[in-house]
2 protein chains.
Amino acid sequence: MENELIRKARELRSRGFTTGEIADELNVSKDTARWLTLQTTTSVSRKEAPVDFAINWESLGGSSSRMRYVSAAMADMALKYGVADVVLGIAISGVPFATLMADVMGAETGLETSLAVFHPVKHRKDEGAEGAISSNFAKVKGKRVVVVDDVITSGRTIAEVVEVLKNQGAKPIAVTVLIDKKGISEVDGVPVESLIRVSRLG
Amino acid sequence: MENELIRKARELRSRGFTTGEIADELNVSKDTARWLTLQTTTSVSRKEAPVDFAINWESLGGSSSRMRYVSAAMADMALKYGVADVVLGIAISGVPFATLMADVMGAETGLETSLAVFHPVKHRKDEGAEGAISSNFAKVKGKRVVVVDDVITSGRTIAEVVEVLKNQGAKPIAVTVLIDKKGISEVDGVPVESLIRVSRLG
């Protein structure tokens, strides 16, 4: 498993991915991603290995019907907080879930539920960069927004999204994720719901 | 998190749960369950803590619509292996998934898909005990069977089920689980499919 992750991390690096993008792709922390890119598969310094765990949901992501079913379960978590105008997916992996959730929630409530997309700051090389909402999809100003991501690793990205939404005059009503590695229940007053929580012991 | 698990483990123990049942309920290994029951929440010997991670899917389990959606995604994994006559849920937590999967798979294929229930040996105090198929639900002899559980922790239980099924003249065609902590791809020639894989690093 470790070797497979090291191989993947090095391959992504060789294709020019930033550490943040590698962390995102492999569902590990930035520190773990950095460590992975520095190893070779033949000599892994196990003592220095960060204590982290990897999440692999390719069996889900590789099937559109499974994606639709699981997105419907996530939509059900979001609907606890009332009707949303916009479902905001965090790029990259939050976007397919958000797309299907908006579809399910629109059908469920009979009201237009639009998709918006957030580009998190971790995908920029520039240290002073800010996360931004894509102008290709729905606007968020004055809207009730549900934020969606695949995995919460450190919680930094969702904190960033909630701040940007509030600054833009949107009303974030909930954050929903597939898996939460941090056990977060709220971000700046906005409730966080996960379908599955994974937490380290020991 | 650790304290919460310790509290839960001790509470289950005080109600007479075996170590195997506690492991099952908390989705951790038997060793971890044993360790948890021996701690007090005020003085946790962190150095000796087993390296394990806890899975919490109560947000899913607490909602029948989310259970139905996720079971439909699991049914989709099972249907890759063709039509099944019986969906066998491993007691206790595999049973609700198996129940809904049998329902979804029957509707999907238009063919009768029955539920069966397996009592694993880990729930017995007696060391010489054997896992057994409940006589209250469908029989498995000569049937194409899909085995269902919530979480694979050590892989021992699914190996036990596959052996019992083969001994009883059934044809296990696949094992499907929500979460696999072991990264198992097959058991004695029977393919294992998980929606999500979680693996430890470091």
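Within each chain, residue numbers correspond to sequence positions counted from 1 in written order. Written order determines the labels here, with chains lettered from A and ligands numbered from 1. It should be noted that, the model being predicted, local features are given only for residues of pLDDT at least 70 and side-chain atom pairs only at 80 or more, the latter also being counted only at that level, while totals for whole chains, interfaces and linings use all residues. Think of the side-chain values as coming from all heavy atoms in the structure, minus any hydrogens and water.

(A) Geometry of the overall build of chain A. Starting at the N terminus, helices and strands are each numbered in turn, a helix being any DSSP run of H or I of at least four residues and a strand any DSSP run of E of at least two. When helices and strands are tallied, chain A shows seven helices and eight strands. Based on C-alpha atoms, the radius of gyration is set beside the globule rule, defined as 2.2 Å times the residue count to the power 0.38. For chain A, whose C-alpha radius of gyration is 17 Å, the value lies close to the compact-globule estimate of 17 Å for 202 residues. Across its three principal axes, chain A shows a C-alpha extent of roughly 55 × 35 × 30 Å. When a residue's accessible area, from a 1.4 Å probe over protein chains only, is under 20% of the maximum for its type it is buried; when over 50% it is exposed; and in between it is partly exposed. Residues classed as buried in chain A amount to 55% of the 202 residues present. Carbon together with sulfur atoms contributes 48% to the accessible area of chain A, which is approximately 8,900 Å² in total. Charged residues are defined narrowly, with Lys and Arg counted positive, Asp and Glu counted negative, and His plus the chain ends left uncounted. A charge is said to be at NZ when it belongs to Lys, at CZ for Arg, at CG for Asp and at CD for Glu. Positive and negative charge centroids in chain A, built from 26 and 26 side chains respectively, lie 2 Å apart. Using the Shrake-Rupley algorithm and a 1.4 Å probe, accessible areas are obtained, with residue cover drawn only from the displayed protein chains.

(B) How the structure looks around helix H1 (residues 2–14) of chain B. Between the first and last C-alpha of H1(B) there are 18 Å, a value that for 13 residues agrees with the 18 Å anticipated at 1.5 Å per step. Within the sequence span of H1(B), burial applies to B:Glu2, B:Leu5, B:Ile6, B:Ala9 and B:Leu12. Projected down its long axis, H1(B) carries its buried residues within an arc of 130°, all on one side. Contacts: residue pairs with any heavy atoms within 4.5 Å of one another. In the core, the buried residues of H1(B) are packed alongside strand E8 (190–201) of chain A together with helix H2 (19–26), helix H3 (30–38) and strand E1 (52–56) of chain B. Backbone geometry just downstream of H1(B) places B:Gly16 in the positive-phi region, at approximately 90°. What a helix should span is 1.5 Å times the count of its residues minus one. The arc in question is traced by the directions running from the helix axis to the C-beta atoms.

(C) Focus on the nonpolar core. The criterion is simple. A nonpolar core is a set of buried Ala, Val, Leu, Ile, Met, Phe, Trp, Tyr and Cys residues joined through side-chain atoms within 4.5 Å. A:Leu178, A:Ile196, B:Leu178 and B:Ile196 are the most contacted members of the largest nonpolar core, which has 62 residues in total. Counting 23 residues, the second-largest nonpolar core is a separate cluster that includes A:Val140, A:Ile158, A:Val175 and A:Val187.

(D) Representation of the pairing of strand E5 (residues 144–152) of chain A within the structure. Residues and elements named next belong to chain A. The buried count for E5 comes to eight of nine residues, which makes it a mostly enclosed element. Note that strand E2 (residues 86–90) and E5 share four bridges and pair parallel. Residue pairing for E5: Val86 is matched across the bridge by Val145. A clockwise course of the path from the first strand over the helix to the second, judged with the strands pointing away from the viewer, identifies a crossover as right-handed. A crossover connection joins E5 to the parallel strand E6 (residues 171–180) through helix H7 (residues 156–167); in handedness this β-α-β unit is right-handed. In this scheme, strands are said to pair when DSSP sees at least two bridges between them.

(E) Structural context of the pairing of E2(A). Residue and element names in this part refer to chain A. The buried fraction of E2 amounts to five of the five residues, a majority that puts the element mostly inside the structure. Across the two faces of E2 the burial is the same, with Val86, Leu88 and Ile90 and Val87 and Gly89 all buried. In terms of strand pairing, E2 meets strand E3 (residues 114–119) through five bridges, oriented parallel. Within the sheet, the bridge partner assigned to Val87 lies in E3 and is Leu115. A crossover links E2 with its parallel partner E3, the connecting element being helix H6 (residues 94–109), and its sense is right-handed.

(F) Helix H6 (residues 94–109) of chain B, seen in detail. Residue and element names in this part refer to chain B. Compared with an ideal rise of 1.5 Å per residue, which puts 16 residues at 22 Å, H6 spans 22 Å between its outermost C-alpha atoms and is within 8% of the ideal. Within H6 the residues assigned to the buried category are Gly94, Val95, Phe97, Ala98, Leu100, Met101, Ala102, Val104, Met105 and Gly106. Considering only its buried residues, H6 is in contact with helix H4 (58–61), helix H5 (64–79), strand E2 (86–90), strand E3 (114–119), strand E5 (144–152) and strand E6 (171–180). Following H6 by one or two positions, Gly110 has its phi on the positive side, about 75°.

(G) Inspection of the packing of aromatic side chains at higher detail. In summary, the pairing rule links any two rings of Phe, Tyr or Trp, Trp by its six-membered ring, whose centres are within 6.5 Å, and it sorts them by plane angle into stacked for under 30 degrees, edge-to-face for over 60 and tilted for everything else. A full pass over the atoms with the stated rule returns three aromatic pairs over all chains. Placement of a positive charge over a ring is assigned whenever Lys NZ or Arg CZ falls within 6 Å of the ring centre and within 35 degrees of the normal to the ring plane. Sitting over the ring of B:Phe53, B:Lys181 keeps its end group 5.0 Å from the ring centre.

(H) Local environment of the interface of chain B and chain A. At the junction of the two partners, chain B supplies 39 residues and chain A supplies 39 residues. Accessible area that two parts lose when put together, evaluated with a 1.4 Å probe and summed over both, is termed the buried area. Taken together, both faces of the contact between chain B and chain A bury some 3,200 Å²; the carbon and sulfur share is 58%. Salt bridge, as applied in this entry: a Lys or Arg side-chain nitrogen positioned within 4 Å of an Asp or Glu carboxyl oxygen. Inspection of the chain B/chain A interface yields two salt bridges. Residue B:Arg66 pairs with A:Asp76 through a salt bridge whose shortest N-O separation is 2.7 Å.

(I) Just the domain arrangement of chain A, in detail. Residue and element names in this part refer to chain A. With domains assigned, chain A is organised as domain 1 (2–42) and domain 2 (60–197). Those domain boundaries reflect an automatic or database domain assignment. With centres defined by C-alpha atoms, the gap from domain 1 to domain 2 works out at 25 Å. Contacts between domain 1 and domain 2 engage eight residues on the former and nine residues on the latter. Carbon and sulfur atoms supply 44% of the area buried between domain 1 and domain 2, which totals about 770 Å² over both sides. Looking at the side of domain 1 facing domain 2, the largest losses of area belong to Thr18, Asp24 and Asn27, adding up to 58% of the total buried there. At the boundary of domain 1 and domain 2, one finds zero salt bridges. The definition of a polar contact used here is a pair of N or O atoms within 3.5 Å, where within protein one atom must be able to donate a hydrogen and the other to accept one, and adjacent residues in sequence count solely through side-chain atom pairs. Our count for the domain 1 to domain 2 interface comes out at one residue pair in polar contact (both at pLDDT 80 or more).

(J) Region of the structure containing the relation of the copies chain B and chain A. Of the transformation superimposing chain B on chain A, the axial component is 0.0 Å and the angular component is 180°, with the fit at an RMSD of 0.0 Å. Here the copies are linked by what is in effect a two-fold axis. Residue B:Tyr69, judged by its C-alpha, is the member of chain B lying nearest the rotation axis, at 2.4 Å. In this assembly the copies share their binding face: 100% of the residues contributing to the interface of chain B also contribute to that of chain A. Alignment of the copies relies on least squares applied to C-alpha atoms, considering only residues that score at least 70 for pLDDT in both.

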